[in-house]
Amino acid sequence: MKPISYKIGEHPDLPPPASVTGPLAWVRNNLFSSPTNVVMTLVSVWLLFELIPPMLNWMLFDAAFSGENRDACRAQAGGACWAFIAERFRLFTYGFYPAEERWRVNLAFVLLLLALVPVLYDRLPLRKYGLYYSMVFPLIAGWLLLGGWGLAPVDTDQFGGFMLTLVIGVTGIAFSLPIGILLAMGRQSSLPVIRLVCVGFIEFIRGVPLITLLFVASTMLNYFLPKGTVFDLLLRVLIMVTLFASAYMAEVIRGGLQAIPKGQVEAAEAIGMKYWQSMRLVVLPQALKISIPGIVNTFIGLYKDTTLVIIIGLLDPLGIGRSSLADTKWTGLHNEVYLFVAIFFFISCFSMSRYSLYLEKKLQTEHDH
Amino acid sequence: MSENPNDSQPREDSEYAVVMRNVHKWFGPFHVLKNLNLNVTRGEKIVICGPSGSGKSTLIRCINRLEEHQEGDIIVDGTELTNDLKHIDKVRSEVGMVFQHFNLFPHLTVLENCTLAPIWVKKMPKAEAEEIAMKYLERVKIPEQAHKYPGQLSGGQQQRVAIARSLCKRPRIMLFDEPTSALDPEMIKEVLDVMVELAGEGITMLCVTHEMGFAKTVADRVIFMDGGEIIEQNSPQEFFDNPQHDRTKLFLSQILDHT
Ligand SMILES: Nc1ncnc2c1ncn2[C@@H]1O[C@H](COP(=O)(O)OP(=O)(O)OP(=O)(O)O)[C@@H](O)[C@H]1O
Ligand SMILES: [Mg+2]
């Protein structure tokens, strides 16, 4: 091909040559760019080939989806016995929530999804009103799940399964963020008393394992509280989990606060803003933005830590799984149970992680360039 | 009653834009401001210069209480600065400040930067605040950037936004702390032009700067500080042509060497 020449200053933008774009170039650049890379690629392909087909066989192609008990499953096929999970599915989802009242759990779940929309998606028309709804949602959900005022009351010791995970996880997430923000601000306060209280609280909670706090919640509180006080176990657990996450949250957010230059507060003060205004409108929006990875990390940690409540006798999905395994009809089906619970947690945590990446990217492109 | 070298008649404190009387300030054990006395008449343009660390920034930051003085009186537009938060709010509502590093809010657009104080501090309706903000953005000649974020603007443009932002609450006194010293040379002029224009409008200005050309065209008085004290003050003409103090002469010879 004869090279075309252009006048100086008039060179047009040309498409890149095929060797730097297209799938073949991608493969060459990413998979076979160096001898080490070639070896790594081949080893990875071999590993995937060794692992994926047997796993798929066990999970799907050789699996039994119906059957009365373990032996019925085994008679059909050599793979997983999903009939077990299918039989216990409601138990895994609702715990011991009364069957005729389960529509309330379903409704609360749908309302939860609706409450998340205005929080997660800021382009929503009339978002302000949506957020009001999100703020009263905890009250609605509490009423639906606990009953009273026209609904049959349900005791919290009947809560269990994924529903219990969501109750603890969502409560912890919703309350630990604001409490963590206040603690982080308190830790930087110019008033020594406030600073001392916040530092003391954060360091104490961070220095103690969550399990210890849960034990305190389940047993020791009875000694401290006046005799005869009825103080729901689930409520105590919710408080402990929230406080635990708040302490970590406070440290994550403190990191963000420290990254904001002093000039930002000075500029806010110079235009006449009060402390709370400058925090809310100037400092926190920036500090929270850079803390997103740490905040979501804490959320995910909290969400998975909800499984620890099994220690004090609450039946989260793992608890349900363990008690189901005790049924002689289904003995020995550990893999199915733990894989099933793992998938549930993975879906929840992976969505949180993806959302945080999306949010980071969005704020990034919005504010800089 | 206080004395002003430019002004033979004694006046009441409240007739001055700023009165500083026997002001002392310490940072820990370090004595930054030593017995400062300064009266600024309404509409006066003052340029403050002096070597690094001489306390120029501290002086003007005391005027809007970004720094607290420990002894003496500071009276801004008739309001004495004490620990009373109402007084501080009142003073801040009348004093605008422009910083060396702009200190714009990076998460807000240019327009939102300008409307933040009117909406939240003055409780002005949003539409009205935006109208006023656009007016000032036009004055600093960047109305077309209103919907961009500060990170998308050049340094000179950012500093002009910062000027517009502090004008939006219609201050009677403007403080500038080295507004051009963080700028690339080709952007200094666009900011100084805006400041010269502003100076023509009767607003009181206190400006820490080493831009001597600006001082000559705009200032009524040039103040030279060193070691936390006002060493010398005079009209720009006298100050540059006929400096009295040795330290002033040394300082002037140093900065004029460069230009
Ligand atoms: N927050 C502070 N804590 C302790 N010392 C301070 C503080 N701020 C300023 N100083 C000190 O006070 C002195 C005066 O500072 P100031 O910023 O007023 O100087 P300046 O004249 O504005 O200098 P520059 O030209 O470098 O801006 C300096 O020695 C500085 O180190
Ligand atoms: Mg300075």
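A quick note: this is a predicted structure, and the numbers were derived from the prediction, not measured. Going along each chain's sequence as written, the residues are numbered from 1 onward. As they are written, the chains are lettered A onward and the ligands numbered 1 onward, keeping that order. Totals for whole chains, interfaces and linings use all residues, but because this is a predicted model, local features are given only for residues with pLDDT of at least 70 and pairs of side-chain atoms are given and counted only at 80 or more. No hydrogens and no water enter the side-chain calculation; it runs on all heavy atoms of the structure.

1. Brief notes about the overall build of chain B
Stage number 1. Here a helix means four or more residues in a row that DSSP labels H or I, a strand means two or more in a row labelled E, and each is numbered from the N terminus. Across its full length, chain B holds nine helices and 12 strands.
Stage number 2. Taking the principal axes of its C-alpha atoms as reference, chain B extends roughly 50 × 45 × 40 Å.
Stage number 3. Taking all 259 residues of chain B together, the buried fraction comes to 56%.
Stage number 4. Summed over all atoms, the accessible surface of chain B reaches about 11,300 Å², with 49% contributed by carbon and sulfur. Burial status follows relative accessibility: with a 1.4 Å probe on protein chains alone, a residue under 20% of its type maximum counts as buried, one over 50% as exposed, and anything between as partly exposed. Areas reported here follow the Shrake-Rupley algorithm with a probe of radius 1.4 Å; residue values treat only the protein chains shown as occluding.

2. Overview of the overall build of chain A
Stage number 1. Helix and strand counts for chain A come out as 14 helices and zero strands.
Stage number 2. The order of helices and strands in chain A, counted from the N terminus, is α-α-α-α-α-α-α-α-α-α-α-α-α-α.
Stage number 3. Since a compact globule built from 369 residues should have a radius of gyration of about 21 Å, the 27 Å found for chain A marks it as more spread out than a globular shape.
Stage number 4. If you line up chain A on its principal axes, its C-alpha atoms span 90 × 75 × 40 Å.
Stage number 5. Taking all 369 residues of chain A together, the buried fraction comes to 39%.
Stage number 6. Between two residues, a contact is recorded if the distance between any of their heavy atoms is within 4.5 Å. Here the analysis covers contacts within chain A between residues at least 6 apart in sequence; of these, 67% occur between residues at least 24 apart.
Stage number 7. Split by element, the accessible area of chain A, about 21,500 Å² in all, is 69% carbon and sulfur.
Stage number 8. Here chain A contributes 28 positive and 24 negative side-chain charges, whose respective centroids are spaced 7 Å apart. Each radius of gyration reported is based on C-alpha atoms, and the globular scaling rule is 2.2 Å times the count of residues to the power 0.38. We count Lys and Arg on the positive side and Asp and Glu on the negative side, and we leave His and both chain ends out. Taken as the charge location is NZ of Lys, CZ of Arg, CG of Asp or CD of Glu.

3. Some points on the site of ligand 1
Residue and element names in this part refer to chain B.
Stage number 1. Surrounding ligand 1, one finds Phe27, Phe30, Val32, Pro51, Ser52, Gly53, Ser54, Gly55, Lys56, Ser57, Thr58 and Glu178.
Stage number 2. Contact between ligand 1 and lysine 56: an oxygen atom at 2.8 Å from a side-chain N or O atom of the residue.
Stage number 3. Between N or O atoms, a polar contact is any pair within 3.5 Å; within protein, one atom must be a potential hydrogen donor and the other a potential acceptor, and residues adjacent in sequence are included only when both atoms are from side chains. Interatomic distance of 2.4 Å between a side-chain N/O atom of threonine 58 and an oxygen atom of ligand 1.
Stage number 4. Burial of ligand 1 by the surrounding chains reaches 60%, relative to a free accessible area of 630 Å².
Stage number 5. Where the shell around ligand 1 is concerned, the elements lending two or more residues are β4 (30–41) and α1 (56–63).
Stage number 6. When residues in the shell around ligand 1 are grouped by element, the largest group, three residues, is from α1.
Stage number 7. Class assignment of the residues belonging to the shell around ligand 1 gives a composition of four nonpolar, six polar and two charged. If a single non-hydrogen atom of a residue is within 4 Å of a molecule or strand, that residue counts as near it. When residues are grouped by polarity, Ala, Val, Leu, Ile, Met, Phe, Trp, Tyr, Cys and Pro land in nonpolar, Asp, Glu, Lys and Arg in charged, and all others, Gly among them, in polar.

4. Considering the packing of aromatic side chains
Stage number 1. Stacked, tilted and edge-to-face pairs are distinguished by plane angle, under 30 degrees for stacked and over 60 for edge-to-face with tilted covering the rest, among Phe, Tyr and Trp rings (Trp via its six-membered ring) whose centres lie within 6.5 Å. In the structure shown here, the tally under the stated rule is 17 aromatic pairs over all chains.
Stage number 2. Between A:Phe92 and A:Phe162 the ring centres are 6.3 Å apart and the planes differ by 25°, which places this aromatic pair in the stacked class. Here A:Phe92, found in helix α4 (residues 82–94), pairs with A:Phe162, found in helix α7 (residues 161–187); they are 70 residues apart in sequence, far enough to count as distant.
Stage number 3. By relative accessible area, which is 0% here, A:Phe92 ends up buried.
Stage number 4. Ring centres 5.3 Å apart and planes at 75° place the aromatic pair A:Phe344 and A:Phe345 in the edge-to-face group. Assigned by exposure class, A:Phe344 and A:Phe345 land together as buried.
Stage number 5. Each member of the aromatic cluster is reached from another via a ring pair, and the members are A:Phe89, A:Phe92, A:Phe162, A:Tyr303, A:Phe340, A:Phe344 and A:Phe345.
Stage number 6. The criterion for a charge sitting over a ring is simple: Lys NZ or Arg CZ within 6 Å of the ring centre, and within 35 degrees of the ring normal. The positively charged end of B:Lys25 is found above the aromatic ring belonging to B:Phe27, 4.7 Å away from the centroid.
Stage number 7. The ring of B:Phe105 carries the charged tip of B:Arg165 above its face, separated from the ring centre by 4.5 Å.

5. What about the interface of chain B and chain A?
The figure often quoted for interface size is the accessible area lost as the parts come together.
Stage number 1. Taken together, the contact pairs 23 residues of chain B with 20 residues of chain A.
Stage number 2. Accessible area, probed at 1.4 Å, shrinks when two parts are joined; the buried area is that loss added up over both. Taken together, both faces of the contact between chain B and chain A bury some 2,000 Å²; the carbon and sulfur share is 59%.
Stage number 3. A per-residue breakdown of the area chain B buries against chain A is headed by B:Phe105, B:His107 and B:Trp120, which together make up 26% of the total.
Stage number 4. By definition here, a salt bridge exists when the distance from a side-chain nitrogen of Lys or Arg to a carboxyl oxygen of Asp or Glu is within 4 Å. Between the two partners, chain B and chain A, sit three salt bridges.
Stage number 5. The tally of links between chain B and chain A comes to seven residue pairs in polar contact (both at pLDDT 80 or more).
Stage number 6. Mapped by element, the contributors of at least two residues to the side of chain B that touches chain A are α2 (85–94), β8 (95–98) and α3 (110–120) of chain B.
Stage number 7. The leading source of residues in the side of chain B that touches chain A is α3(B), at three residues.
Stage number 8. Across the side of chain B that touches chain A, the residue classes tally to 12 nonpolar, five polar and six charged.

6. Examining the sheet that holds strand β7 (residues 79–80) of chain B
All names here are of chain B.
Stage number 1. Note on pairing: two strands pair once DSSP finds at least 2 bridges between them. If you trace the four strands from one edge of the open sheet to the other, you get β4-β3-β6-β7, paired in antiparallel fashion. Strand pairing shows two members of the sheet lacking a second neighbour, β4 and β7, which therefore form its edges.
Stage number 2. The strands that α1 touches are β3 (16–27), β4 and β6 (71–76); relative to β3, the one it contacts most, it runs at about 125°. To define axes, lines are fitted to C-alpha atoms, for helices over the stretch in contact only, and angles between the resulting N-to-C directions are given on a 0 to 180 degree scale.

7. Looking at the domain arrangement of chain A
Stage number 1. For the domains described, the bounds stem from an automatic or database domain assignment. By the assigned domains, chain A splits into domain 1 (19–61) and domain 2 (84–97 + 154–368).
Stage number 2. Distance between the C-alpha centres of domain 1 of chain A and domain 2 of chain A: 38 Å.

8. With respect to the nonpolar core
What tends to happen in soluble globular proteins is that the nonpolar side chains get buried as a cluster.
Stage number 1. As used in this record, nonpolar core signifies buried Ala, Val, Leu, Ile, Met, Phe, Trp, Tyr and Cys residues forming a set joined through side-chain atoms within 4.5 Å. Counting 123 residues, the largest nonpolar core has B:Met20, B:Ile48 and B:Leu206 as the members making the most contacts within it.
Stage number 2. No other element matches helix α12 (residues 275–305) of chain A, which puts 13 residues into this core.
Stage number 3. B:Leu206 has contacts with B:Val18, B:Leu38, B:Val40, B:Ile46, B:Ile48, B:Ile60, B:Ile63, B:Ile173, B:Met174, B:Leu175 and B:Phe176, leaving out every residue within four places of it along the chain.
Stage number 4. Formed by 51 residues, the second largest nonpolar core is a distinct cluster that contains B:Cys114, B:Leu198, B:Cys207 and B:Phe224.

9. Overview of the state of the cysteines
Stage number 1. Only a pair of cysteine sulfur atoms within 2.5 Å counts as a disulfide in this structure description. Going through the model one piece at a time under the given rule, you end up with one disulfide over all chains.
Stage number 2. Shown here is the disulfide that connects A:Cys73 with A:Cys81, its sulfur atoms set 2.0 Å apart. On the sign convention where negative is left-handed, the bridge of A:Cys73 and A:Cys81, at about 60° about the S-S bond, is right-handed. Pair check on accessibility: A:Cys73 and A:Cys81 agree, each one buried.
Stage number 3. Unpaired in terms of disulfides, B:Cys168 finds its nearest cysteine sulfur in B:Cys114, a separation of 4.6 Å.

10. Quick notes on the environment of A:Thr156
All names here are of chain A.
Stage number 1. Following the sequence through the fold, threonine 156 ends up in the loop between α6 (127–146) and α7.
Stage number 2. Note on threonine 156: relative accessible area 13%, which makes it buried.
Stage number 3. Sequence separation between threonine 156 and glycine 130 is 26 residues; the distance between their C-alpha atoms is 29 Å.
Stage number 4. Beyond its immediate chain neighbours, meaning those up to four positions away, threonine 156 contacts Leu146, Asp232 and Leu234.
Stage number 5. Of note is the side chain of threonine 156, whose polar atom sits 2.6 Å from the side chain of aspartate 232.

11. Here's the deal with the packing of α7(A) against helix α10 (residues 233–258) of chain A
All names here are of chain A.
Stage number 1. The interhelical angle for the contact between α7 and α10, taken along N-to-C directions, is 45°, at an axis separation of 5 Å. Considering the angle they form, α7 stands oblique to α10. Between α7 and α10 the crossing geometry is right-handed.
Stage number 2. For the contact of α7 with α10, the class distribution of residues is 20 nonpolar, six polar and three charged. Any angle that falls under 35 degrees is termed roughly parallel, while one over 145 is termed roughly antiparallel, one within 65 to 115 roughly perpendicular, and all others oblique. A crossing counts as left-handed when the near helix is turned anticlockwise from the far one by less than a right angle, and as right-handed when that turn is clockwise.

12. Considerations on the side chain of B:Lys45
All names here are of chain B.
Stage number 1. Relative to the assigned elements, lysine 45 resides in strand β5 (residues 45–49).
Stage number 2. Within the buried set, lysine 45 has no salt-bridge partner at all; the shortest N-O distance to an opposite charge, 5.5 Å, is to aspartate 220.
Stage number 3. A polar contact is formed between the side chain of lysine 45 and the backbone oxygen of glycine 43, at a distance of 2.7 Å.
Stage number 4. Within the structure, lysine 45 has its side chain in polar contact with the backbone oxygen of alanine 199 (distance 3.3 Å).

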